[in-house]
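What follows is each chain in one-letter form.
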Amino acid sequence: METNTNDTDELMDEDYVQCLMSLDTNARTILSPHNEPNLTTTLQNVTNEMEPLEEPVLGMAFESDEAAKGFYNEYARRLGFPFRVGRSRRSKGAEEVVIMKRFVCSKEGVYRKKMNNGEEGSKRRERISMREGCKAMMEVIRDSPTRWVISKLETAHTHRLGLCSRSGYLRSRSNFLDSSDTKPNFSSFSSPDSTTFPHRNLFNEGQYLMDFFLKKQCENPSFFHAIQTDRNSCMTNVFWADARSRESYKHFGDVVTFDTTYKKNKYMSPFVVFSGINHHLRPVIFGCALLAEETEFSLIWLFETWLAAMGNRAPISFVTDQNRAVVSAVSKVFPNTRHRVCKWLILSRTKQKLAHLYNTHPTLRAELESCVIESKTVDSFEGNWLSIVDRYELRKNTWLQLLFNIREKWVPLYLKDSFFGEMSPTQKMETVNDFYKKHFNSKTSVKVFLTQFDLAMMSWHEEEANSDLDSLRSLPALKTASPIEKQAARVYTKAVFRGFQEEFVQSLGYIVNKIKDGNVSKFAVNLDEDCIDTFFVSYNVTQKTVDCSCGNFSFCGILCRHIFAVLLIVDPRILPDEYFLKRWSKNAKTDFQQDIGNFFHESVNLRYNDLCSDAVRIAESGARSSGIYRNAKDVLYKAYEEILNIEKEASNKVVHRDPNEININEEITIDDAMADQLQDSERKVTNLLGHLLSSAWSPV
């Protein structure tokens, strides 16, 4: 029996799950934080030539059809073309085992427009087809139970292939780090799958992009952008991050969400976003990209480029959608980062996959989502899941089986040992989705889109500044007389304090039983006598440390209600500082460093970039109000005058230096002359700037 397939959902889901399950085996060795490569080295790694490509040949043998598929997948990825299973054949008889598979280029075949049957309400959005008659394919047949052989092969394509090199251009201050001798073609984008984008104008405005980047570079030298090109020097993928995005990452870059949902909506936009969550529980942008193709090859380039822009400091956790290429690229670029698939995307996909069951059983969806979101322990989740599956006779449902098998990749209860900044089970990591839906359609030009996005970014920054002022000017309302709640109100922003307060107040309804005495006491905490979920809290009397089996503090950075229930019994007056994460505090961004570190001994560019980073922090604090702005201008003016005096004194020292005391051939720079008096003078300037950014600063 022979069948034609078009990348069916079942096949894609199975492949995706297999990729997830092998995530831990795809890690590669990277440099330790103490031996991080500099920016130039990182970019050289990005632009290195690929290893020799193994070509398929007739008669090549594999141990299974999956091994053959894996080989062809790597071959297709390296050449830059998507493929699918175009045809398969089963043996005749009772078993009907697969005896042949043909892997074809996704541009194989010819698109035939389906005729509308004329029925009212039957109009559907016309799909854009990739097919253009390409003949490239590889067919394998089952020679024996453990041997599959290539029986037919066509390697020639009728279209231009995708990215065949890692040639890229990176803007760093004023120079391109060029990996080839060919200048990039800024007049257009090149996309191997450009026909799949109804908005092709996005890939035909390369010159405006360059003008936009140069303008941003002039406004702030810390603006970062990178361009990936193909063998014809046409732009394929673009990444950029402004100074504020890079600065925000220093404070809130522990959790990063990589959002590609814009590529999957009705416009199939190439826009992707790196985002996080700030100390007001609002989204913050860490960088954006126009990604022409979502292949592993392009994603590795994008992740490595983004990592270089963020100072080569990888996040603690990384949240993405359920995409095989993304999962594989993350495991290779961020091997020490905890990767999580977004549970909301999983549940959304489940709604599509089980639509017929949801219609038949109206309560099924609510029960499944409640099982994922509201289960308190691993045991209760697994018990609830199996109960639902049995009640609706879904043991043989492939989709639910696959989701349960990969539960450690997306269900929060299995991820409690890593920080994800998720305050409550119902919290959604907000993105720029609302902005995107409002300002983008199939006719939107790059110019209009970037202009609107810039305005939106300015609005978000202003909103964050206003929230900062609001948290500094007033304290939130308290619900108890506890000194712990008062302490938290002084430390946290109002948004975070509400989450803290909810846990604290809820703790009043819990029952605590001491099950172990001693220097380290142990307590069992339940909501009521009949509750099946029991949590165990350990309290060290000497060190004043506390820990709970629910893992809430390591997961979101806020102490849980079970710990508060115990603390109300042991009666500590205040909490140690280590239980208040700075990233949730009012002073999350006040970390002005007066230590110049190694920058004095490095290049002018490094010192320049370091000072620009400090200037961004000063500008953020100084723009909070007109009163602060006036004082900030005064402080900066005094600092600038001090710098000019230092420079003048250094120049005089060079001029009046006794030539008898030195070698007349010795090169003397201003840096050398400044070295002797740098410490005292530098302390004067940094004390002025540090005063401006200190936590004690208040609006005038």
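Relevant structure appears above.
So, here's what we can say about the structure. (Residues numbered from 1 in each chain as written. Predicted model: local features only at pLDDT ≥ 70, side-chain atom pairs only at ≥ 80, totals over all residues. Heavy atoms only, no water.)

### Points about the pairing of strand β17 (residues 511-516)
Keep this limit in mind: Two strands qualify as a pair provided that DSSP identifies no fewer than 2 bridges between them. Segments assigned H or I by DSSP are reported as helices when at least four residues long, segments assigned E as strands when at least two residues long, and all are numbered from the N terminus.
Relative to strand β18 (residues 520-526), β17 runs antiparallel, the two sharing five bridges. For Lys516, the partnering residue across the bridge sits in β18 and is Lys522. Here β17 folds back onto β18 in antiparallel fashion, the turn holding three residues, of which Gly518 has a positive phi close to 130°.

### Observations regarding the sheet that holds β17
The cut-off we apply is this: Fitted lines through C-alpha atoms give the axes, limited to the stretch in contact for helices. The angle between two N-to-C directions lies from 0 to 180 degrees. For this analysis, residues touch if any pair of their heavy atoms sits within 4.5 Å.
Sheet architecture is open: four strands sit in the order β17-β18-β19-β20, paired in antiparallel fashion. The outermost strands of the open sheet, each flanked by one partner alone, are β17 and β20 (545-548). Each strand axis lies, on average, 25° off the axis of its neighbour in the sheet, ignoring direction. In terms of strand pairing, strand β19 (residues 535-540) meets β20 through four bridges, oriented antiparallel. Looking across to β20, one finds that Val537 is bridged to Cys548. The strands that helix α19 (residues 561-570) touches are β17, β18, β19 and β20; relative to β19, the one it contacts most, it runs at about 45°.

### Let's talk about α19
Let me state the cut-off plainly: Only protein chains enter the accessibility calculation, which uses a 1.4 Å probe; a residue is then buried when its area is under 20% of its type maximum, exposed when over 50%, and partly exposed in between.
The element α19 is extensively covered by neighbouring structure, given that seven of its ten residues are classed as buried. What α19 keeps buried is the set Arg561, His562, Ile563, Phe564, Ala565, Val566 and Leu567. In this structure, the buried residues of α19 make contact with α16 (483-491), α17 (494-506), β17, β18, β19 and β20. Asp571 occupies a position one or two residues after α19 and carries a positive phi of about 65°.

### Observations concerning the packing of aromatic side chains
This is how it is decided: Whether two aromatic rings pair depends on their centres lying within 6.5 Å, for rings of Phe, Tyr and Trp, where Trp uses its six-membered ring; planes under 30 degrees apart make the pair stacked, over 60 edge-to-face, and the rest tilted. Working rule: Lys NZ or Arg CZ, within 6 Å of ring centre, within 35 degrees of ring normal, means a charge sits over the ring.
In this structure the tally under the stated criterion is 38 aromatic pairs. Pairing Phe258 with Phe318 gives two aromatic rings, centres 6.4 Å apart and planes at 15°, and the pair type is stacked. Of this pair, Phe258 sits in strand β12 (residues 255-259) while Phe318 sits in strand β15 (residues 317-320), placing them 60 residues apart in sequence. By relative accessible area, which is 2% here, Phe258 ends up buried. Ring geometry for Phe274 versus Trp306: centroids 4.7 Å apart, planes at 5°, classification stacked. Of this pair, Phe274 sits in strand β13 (residues 271-277) while Trp306 is found in helix α6 (residues 296-309), placing the two residues 32 residues apart along the sequence. Put simply, the rings of Phe224, Phe239, Tyr249, Phe258, Phe274, Phe286, Phe303, Trp306, Phe318 and Phe334 pair up and form one aromatic cluster. Sitting over the ring of Phe404, Arg407 keeps its end group 4.0 Å from the ring centre. Between Arg583 and the ring centre of Trp584, over which it is positioned, the NZ or CZ distance is 4.3 Å.

### Some remarks on the state of the cysteines
Stated formally: The term disulfide is used for any two cysteine sulfur atoms that are within 2.5 Å.
The tally for this structure, following the rule as stated, stands at zero disulfides. Cysteine Cys105 remains unbridged, with the sulfur of Cys134 as its closest cysteine sulfur at 3.9 Å. Note on Cys560: no disulfide assigned, nearest cysteine sulfur contributed by Cys550 at a separation of 3.6 Å.

### Observations regarding the nonpolar core
Using the following cut-off: Note on terminology: a nonpolar core comprises buried Ala, Val, Leu, Ile, Met, Phe, Trp, Tyr and Cys residues joined through side-chain atoms within 4.5 Å.
Core analysis: the biggest nonpolar cluster contains 35 residues, and Tyr492, Phe500, Ile558, Ile563, Phe564, Leu575 and Trp584 have the highest contact counts within it. Listed by contribution, the elements that provide at least two residues to this core are α16, α17, β18, β19, β20 and α19. Broken down by element, the residue count for this core peaks at five residues, all from α19. Discounting chain neighbours no more than four positions away, the residues touching Ile563 are Val537, Val546, Asp547 and Cys548.

### Quick notes on the packing of helix α10 (residues 364-374) against helix α11 (residues 378-391)
Definition in use: Orientation is classified from the angle alone, with under 35 degrees giving roughly parallel, over 145 giving roughly antiparallel, 65 to 115 giving roughly perpendicular, and any other angle giving oblique. Helix crossings fall into two classes, left-handed where the near helix is turned counterclockwise from the far one by less than a right angle and right-handed where it is turned clockwise. Here the term charged refers only to Asp, Glu, Lys and Arg, the term nonpolar to Ala, Val, Leu, Ile, Met, Phe, Trp, Tyr, Cys and Pro, and the term polar to all other amino acids, Gly among them.
As a packed pair, α10 and α11 sit with axes 9 Å apart at the nearest point and diverge in direction by 165°. With respect to their mutual orientation, α10 and α11 come out roughly antiparallel. Relative to α11, the crossing made by α10 is left-handed. The residues of α11 that touch α10, namely those facing Leu364, Glu367, Leu368, Cys371 and Val372, are Phe381, Asn384, Trp385, Ile388 and Arg391. A class-by-class count of the residues in the contact of α10 with α11 yields seven nonpolar, one polar and two charged.

### Digging into unusual backbone geometry
In this structure, Asn312 takes a positive phi of about 60° despite not being glycine. Here Asn312 shows up in the loop between α6 and β15. Unusually for a residue other than glycine, Lys544 sits at a positive phi of about 60°. Locating Lys544 in the fold gives a position in the loop between β19 and β20. On the basis of relative accessible area, Lys544 is assigned to the partly exposed category, the value being 44%.

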